[in-house]
Amino acid sequence: MRIQQLPPSVVNKIAAGEVIERPASVVKELMENSVDAGATRIDVAVEQGGLELVRVSDNGHGIDAAELPLAVASHATSKIRSADDLFCVGTLGFRGEALASIAEVSRTTIRSRTSESAAGAQLEIAGGQSLGTSPCGCPTGTTIEVRDLFYNTPVRRKFLRSTQTEMGHVSETFTRLALACPAVHFSLHHNGRTLYDLPPGEDWRERIAVFFGPELARDLIAVSSVDAEVQIEGYVASPSHSRANARLQYLFLNARAIRDRSLQHALGEAYRGLLLTGRYPIAFLRIAMPAEMVDVNVHPTKLEVRFQESGRLYSQLLGTLRTRFLTTDLTARLDPTAGQPEAASAHDAAHAQALRRELVDWAKGQLSTAGAAIASPAPTPDAISAEQSRFDFRYQPHPHAPLDLARLSRPWAPAASDNEEEPEPAETAPSETFAAFEARADRKLEALQVHDRYLIAESDDGVVVIDQHALHERILYEQLRTKVLGGGLETQRLLVPEPVDLSPAEAAAALESRDVLAQLGVTIEPFGGDTVLVSAYPAMLANLSPAEVLRDVVERLLAGGKTPERRDLVDELLHMISCKAAIKAGDRLSPDEIAALLAQRHLAQDSHHCPHGRPTALVFTREELDKQFKRT
Ligand code: ADP
Ligand code: MG
């Protein structure tokens, strides 16, 4: 075959395919142009999911009649002048491709008037061929109608999905722009029906509520971080709301909706331990920074951008969220009257209600029989997590108390401390711990152990059910982390160093990570062949076998396939070690041990979740109990 230059019409169709994939792409490009034109009102109407018609009207600055043909020419734009301008793009568009691409694959009409001209002008174009310009009457601003999308590219048209699916994409596109520009009045209509009408609002949360429901909006935590150049503002959702994917992470950079792996990762990190594995946090964040600090010209639809200092942005976001969570009480609170889980069918709702009731009944049974044999079974962990219907936020400062490992002086205590220190009595527990665990002022916090796995205690405003393993794991994790970060982890030299046989890959991985292991108090040395010698070991793990811990650690090292970041690795190993070292469900505790555990509860500071993401405590409010007993 001979090499041949393609005719312009083909070139244009190829180019169009890059930008315009489906009706939602048309909606996106037209809405962005309207925003760039300074519009304060933008109305979007679509028919048949946009397959038949997309119409976007705005009250922006309009296009001069003489420039109409240029607007639909490819590589024609009013937004940049030179290549240098590419590095400080302040508008949503700049490639001058969208209108040309749209006009190439549809029948398009543009009607526009600038405020300077008395009359408007209209341009019609079909399949990239101009049908001429004519004067027309219209208000200041621009209306663009796009009909019969892909009518001349049947293959592309075949790839389109049902009206419903396409409308879903349109709606998502609309949502992003409406969230990005809260000062603009937007509306969306489908087949003559109004789906959204959003007056400009002061409160971003209200707009979020329109799209995602008042319940989510109510449980949003405001975050804000301003440094010399970068500003992050917006909301993240309480951990009681999460999704199975990252789709509800709305990130806006200078009013442009973007996707960014590093920022998504920062969100995931911030929620580590607060969400179950596989769940993603919900966030609505607006980031503002000087246009020259970001390259928006790396993606045809500009969904991805490149930050000059992405590391700095990552740390700023993560730091902001961590600090925010420290001052936020994330106590799980059971509330059968709270809204049903979203999108739950009637059956699911009834089932959830039944589970809730069962759990409340169970707790009531426990309390009224005060430790006597109980007939009803304990709720399954599933049932409990299904009940996490609402979280409550209250500001509670909780200063760090000095750490004292010896307080927990039972089987899980360091073997080295053989001076049997008495656990501190509960009344010396710091009184400014967080709300849910707070005992009533006139009593000392006492708890009843049930089924050798839960502790039940009276709190300020109800009853707390504590998962003993989860709480202890969390405490150990915090203690370990503080010690590891401060370099003060006690290690024990083993009298007889323990050789551990590993596979070649495992031995290599272990020795490669020697210094990370040393930071965790595990000292290893090569011992010939694939054997590794453990010569020192954290004192607090004395009751676990060094070989077993090392094997698990190595498994983690190899699990990801690639070397994890040091910070992540340390954190993951801390989780693993604290889980292993914590008391288990099924361990019967003495009253002293219960007191010791409760005395350290303030260390489970930044959440009521154990590091795996399960809650450590559930609260049954007194109001709820009163209601269930029909006292109100
Ligand atoms: P870009 O947005 O990348 O500049 P487009 O093809 O989307 O390219 O638009 C081409 C030009 O048409 C824009 O630069 C702008 O000058 C003009 N234009 C398009 N839509 C509008 C609108 N709604 N209001 C005013 N001008 C518009
Ligand atoms: Mg554009």
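Thresholds applied
Residues numbered from 1 in each chain as written. Chains lettered and ligands numbered in written order. Predicted model: local features only at pLDDT ≥ 70, side-chain atom pairs only at ≥ 80, totals over all residues. Heavy atoms only, no water. Helix = DSSP H or I, 4+ residues; strand = E, 2+ residues; numbered from the N terminus. Buried < 20%, exposed > 50% of the residue type's maximum accessible area, 1.4 Å probe, protein only. Contact = heavy atoms within 4.5 Å. Areas by Shrake-Rupley, 256 points an atom, 1.4 Å probe, with all protein chains shown as cover. Near = heavy atom within 4 Å. Polar contact = N/O pair within 3.5 Å; in protein donor to acceptor, adjacent residues only side chain to side chain. Nonpolar A, V, L, I, M, F, W, Y, C, P; charged D, E, K, R; others polar. Pairing = 2+ DSSP bridges. Axes fitted to C-alpha atoms, helices over the stretch in contact; angles between N-to-C directions. Parallel < 35°, antiparallel > 145°, perpendicular 65-115°, else oblique. Left-handed = near helix turned anticlockwise from the far one by under 90°. Patch = residues over 30% accessible without salt bridge, like charges linked within 9 Å, V, L, I, M, F, W, Y side chains within 5 Å. Salt bridge = Lys/Arg side-chain N within 4 Å of Asp/Glu carboxyl O. Phe/Tyr/Trp six-rings, centres within 6.5 Å; stacked < 30°, edge-to-face > 60°. Core = buried A, V, L, I, M, F, W, Y, C linked by side-chain atoms within 4.5 Å. pLDDT = per-residue confidence, 0-100. Lys, Arg positive; Asp, Glu negative; His and termini not counted.

### Comments concerning the overall build of the protein
Link 1 in the chain: Of regular secondary structure, the protein possesses 19 helices and 24 strands.
Link 2 in the chain: For the protein, the residues scored as buried account for 51% of the 632 residues in total.
Link 3 in the chain: In the protein, 71% of the contacts between residues at least 6 apart in sequence involve partners at least 24 apart.
Link 4 in the chain: Surface exposure of the protein reaches about 29400 Å², of which carbon and sulfur atoms provide 52%.

### A word on the site of ligand 1
Link 1 in the chain: Around ligand 1 sit 20 residues in total, of which N33, T77, S78, K79 and G96 are the nearest.
Link 2 in the chain: In this structure, S78 approaches ligand 1 through a side-chain N or O atom, which is 2.5 Å from an oxygen atom.
Link 3 in the chain: Contacts to ligand 1 include T142, whose side-chain N or O atom sits 3.3 Å from a nitrogen atom.
Link 4 in the chain: In isolation ligand 1 offers 530 Å² of accessible surface; the protein chains occlude 94% of this area.
Link 5 in the chain: Broken down by secondary-structure element, the contributors of at least two residues to the shell around ligand 1 are helix 2 (23-36) and helix 4 (98-104).
Link 6 in the chain: Of the residues in the shell around ligand 1, the class split is seven nonpolar, nine polar and four charged.

### Concerning the pairing of strand 23 (residues 531-538)
Link 1 in the chain: Of all eight residues in strand 23, eight are buried, a share of seventy percent or more.
Link 2 in the chain: Where strand 21 (residues 491-501) and strand 23 come together, seven bridges link them in antiparallel fashion. By the bridge assignment for strand 23, R493 is matched with A536.
Link 3 in the chain: Pairing between strand 22 (residues 523-526) and strand 23: four bridges, direction antiparallel. Counterpart to E525 in the pairing with strand 23 is L533.
Link 4 in the chain: The loop that links strand 22 with its antiparallel partner strand 23 comprises four residues; one of these, G528, has a positive phi angle of about 85 degrees.

### Here's the deal with the packing of helix 9 (residues 261-270) against helix 10 (residues 310-326)
Link 1 in the chain: At their nearest, the axes of helix 9 and helix 10 sit 9 Å apart, and the two run at 25 degrees to each other. Compared by their axis directions, helix 9 and helix 10 come out roughly parallel. As for how helix 9 packs across helix 10, the hand of that crossing is right-handed. Contacts between helix 9 and helix 10 pair S262, L263, H265, A266, L267, E269 and A270 from the former with S310, L313, Y314, L317, L318, L321, R322 and F325 from the latter.
Link 2 in the chain: Residues that form the contact of helix 9 with helix 10 fall into these classes: ten nonpolar, three polar and two charged.

### Side note on a nonpolar patch on the surface
Link 1 in the chain: Taken together, the side chains of L6, V10, V11 and I14 make up a nonpolar region of the molecular surface, amounting to roughly 320 Å² of accessible area.
Link 2 in the chain: Here V10 shows up in helix 1 (residues 8-19).

### Structural notes on the packing of aromatic side chains
Link 1 in the chain: Evaluation of the coordinates by the stated rule reveals twelve aromatic pairs.
Link 2 in the chain: Where Y250 meets F252, the ring centres are 6.4 Å apart and the plane angle is 15 degrees; that geometry is what we call stacked.
Link 3 in the chain: Members of the aromatic cluster, connected to one another through ring pairs, are F174, F186, Y196, W204, F211, F212, Y235, Y250, F252 and F284.

### As for the pattern of salt bridges
Link 1 in the chain: Per the stated rule, a full pass over the model turns up 25 salt bridges.
Link 2 in the chain: Where E104 meets K13, a salt bridge forms, and the shortest distance between an N and an O atom there is 3.5 Å. With E104 in helix 4 and K13 in helix 1, this residue pair connects regions lying 91 residues apart in the sequence.
Link 3 in the chain: A relative accessible area of 26% places K13 in the partly exposed class.
Link 4 in the chain: With a shortest N-O distance of 3.1 Å, R55 and E145 are connected by a salt bridge. Placement of the pair is R55 in strand 2 (residues 53-58) and E145 in strand 6 (residues 141-147), with a sequence separation of 90 residues.
Link 5 in the chain: Residue classification places R55 among the partly exposed residues on the basis of a relative accessible area of 27%.
Link 6 in the chain: It is possible to trace a salt-bridge network through shared partners that takes in R55, R111, E145 and R147.

### Looking at the environment of V210
Link 1 in the chain: When you line up the elements, V210 lands in helix 7 (residues 204-212).
Link 2 in the chain: You can call V210 partly exposed: its relative accessible area is 44%.
Link 3 in the chain: Taking C-alpha positions, V210 is 9.5 Å from D197, a pair spaced 13 residues apart along the chain.

### Examining the nonpolar core
For soluble globular proteins, nonpolar side chains are generally found buried alongside one another.
Link 1 in the chain: Grouped together as the largest cluster of nonpolar side chains are 61 residues, with contacts concentrated most on L30, V44, F174, F186 and F284.
Link 2 in the chain: Considering each element in turn, this core owes the most residues, seven residues, to helix 6 (residues 163-180).
Link 3 in the chain: F174 has contacts with M31, V44, F186, S187, L188, Y196, L198 and F211, leaving out every residue within four places of it along the chain.

### A closer look at the confidence of the model for the protein
Link 1 in the chain: When pLDDT is averaged along the protein, the result is 77, and 79% of the positions lie at 70 or above.
Link 2 in the chain: Low pLDDT (under 50) marks residues 332-349, which in the prediction has 37 contacts with non-local residues, meaning those over four places away or in another chain.
Link 3 in the chain: Note that residues 355-435 has pLDDT below 50 and, in this model, 165 contacts with residues that lie over four places away or in other chains.

### Examining the side chain of D260
Link 1 in the chain: For D260, the location among the structural elements is in the loop between strand 12 (256-258) and helix 9.
Link 2 in the chain: In this structure D260 is buried but unpaired, with R261 as the nearest side chain of opposite charge at 8.3 Å.
Link 3 in the chain: Of the polar contacts made by the side chain of D260, one reaches the backbone nitrogen of S262; its length is 3.2 Å.
Link 4 in the chain: What D260 contacts, discounting residues up to four positions off in sequence, is L251, V305 and F307.

### Looking at the sheet that holds strand 21
Link 1 in the chain: What the three strands build is an open sheet, ordered 21-23-22; its pairing is antiparallel. Looking at the sheet topology across the chains shown, the edges are occupied by strand 21 and strand 22. Taken pair by pair, the neighbouring strands of this sheet meet at an average axis angle of 20 degrees, ignoring direction.
Link 2 in the chain: Against the sheet, helix 14 (residues 504-512) makes contact with strand 22 and strand 23, and its axis sits at roughly 125 degrees relative to strand 22, the strand it touches most.

### Some points on the packing of helix 13 (residues 468-486) against helix 17 (residues 566-581)
Angle between the axes and distance between the axes are the two parameters that describe a pair of packed helices.
Link 1 in the chain: At a minimum axis separation of 8 Å, helix 13 and helix 17 run at an interaxial angle of 135 degrees. As judged from the angle between their axes, helix 13 and helix 17 are oblique. Considering the relative orientation of helix 13 and helix 17, their crossing is right-handed. Touching H469, H472, E473, L476, Y477, L480, R481 and V484 of helix 13 are V570, D571, L574, H575, I577, S578, C579 and A581, all from helix 17.

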